[in-house]
Structure formats: C-alpha cells, structure tokens
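Below are the chains, spelled out letter by letter.
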Amino acid sequence: MRELETWKKQSDEDEAKNDEARLENDRILKRKEFLSREDESKENRKLSSLRKLAARTHHQRPPESPTD
C-alpha cells in the first residue's frame, strides 16, 4: 500500500511539474506574440502618420503656375 501511495504522490508531482512547464511555455509564447504584435502596431501607426503627413503636404502645396 505504501508503494502505491508513494507512486501516486510521485505521479501527481510529475504531472504538476509538466502542467506548470506547459503553462510557462504558453505564457512565454503569448508574451512574445504580444510584443511582436505591439511592435507591428507601432510600425503601422508610424506609417499611417507619415501617410497623413504626406497627404496634407501634398494638398497644401500651391498650385503650379503655367510655364508658358
């Protein structure tokens, strides 16, 4: 009976360690994914701002005068 209890206790501890390792891997993956998406979002905002600035600059130029 003691051997069975010892085996069960060890089995439960091993399972808990495996579960913890899986959760840690998921957490790291999600953190990396989050940081990657955050960087992508920052880059998209920069590009959007540059496009808006370019559009405003293009619309604010005085009309070209005829060269004739």
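Placed above this text is the structure.
Residues numbered from 1 in each chain as written. Predicted model: local features only at pLDDT ≥ 70, side-chain atom pairs only at ≥ 80, totals over all residues. Heavy atoms only, no water.

Enquirer: Got a minute to help me understand the overall build of the protein in this structure?
Expert: Looking only at helices and strands, one finds one helix and zero strands in the protein. Taking all 68 residues of the protein together, the buried fraction comes to 0%. Here the protein displays about 7200 Å² of accessible surface, and carbon together with sulfur accounts for 52% of that area. (Helix = DSSP H or I, 4+ residues; strand = E, 2+ residues; numbered from the N terminus. Buried < 20%, exposed > 50% of the residue type's maximum accessible area, 1.4 Å probe, protein only. Areas by Shrake-Rupley, 256 points an atom, 1.4 Å probe, with all protein chains shown as cover.)

Enquirer: How should the pattern of salt bridges be read in this particular structure?
Expert: Side-chain pairs of opposite charge can arise where the charged atoms are in close proximity. Throughout the structure, instances matching the rule amount to four salt bridges. In this structure, Arg-22 and Asp-19 form a salt bridge, with 2.2 Å as the shortest nitrogen-oxygen distance. With Arg-22 and Asp-19 both in helix H1 (residues 2-60), this residue pair falls three residues apart, about one helical turn. For Arg-37, the salt bridge goes to Glu-33, with nearest N and O atoms at 2.7 Å. Here the residue Arg-37 and the residue Glu-33 both occupy positions in helix H1, the gap between them amounting to four residues, near one helical turn. Given a relative accessible area of 34%, Glu-33 falls into the partly exposed group. (Salt bridge = Lys/Arg side-chain N within 4 Å of Asp/Glu carboxyl O.)

Enquirer: Mind showing me how you'd approach a nonpolar patch on the surface here?
Expert: Together, Met-1, Leu-4 and Trp-7 make up an exposed nonpolar region whose accessible area comes to about 430 Å². According to the relative accessible area criterion, Trp-7 is exposed, its value standing at 57%. (Patch = residues over 30% accessible without salt bridge, like charges linked within 9 Å, V, L, I, M, F, W, Y side chains within 5 Å.)

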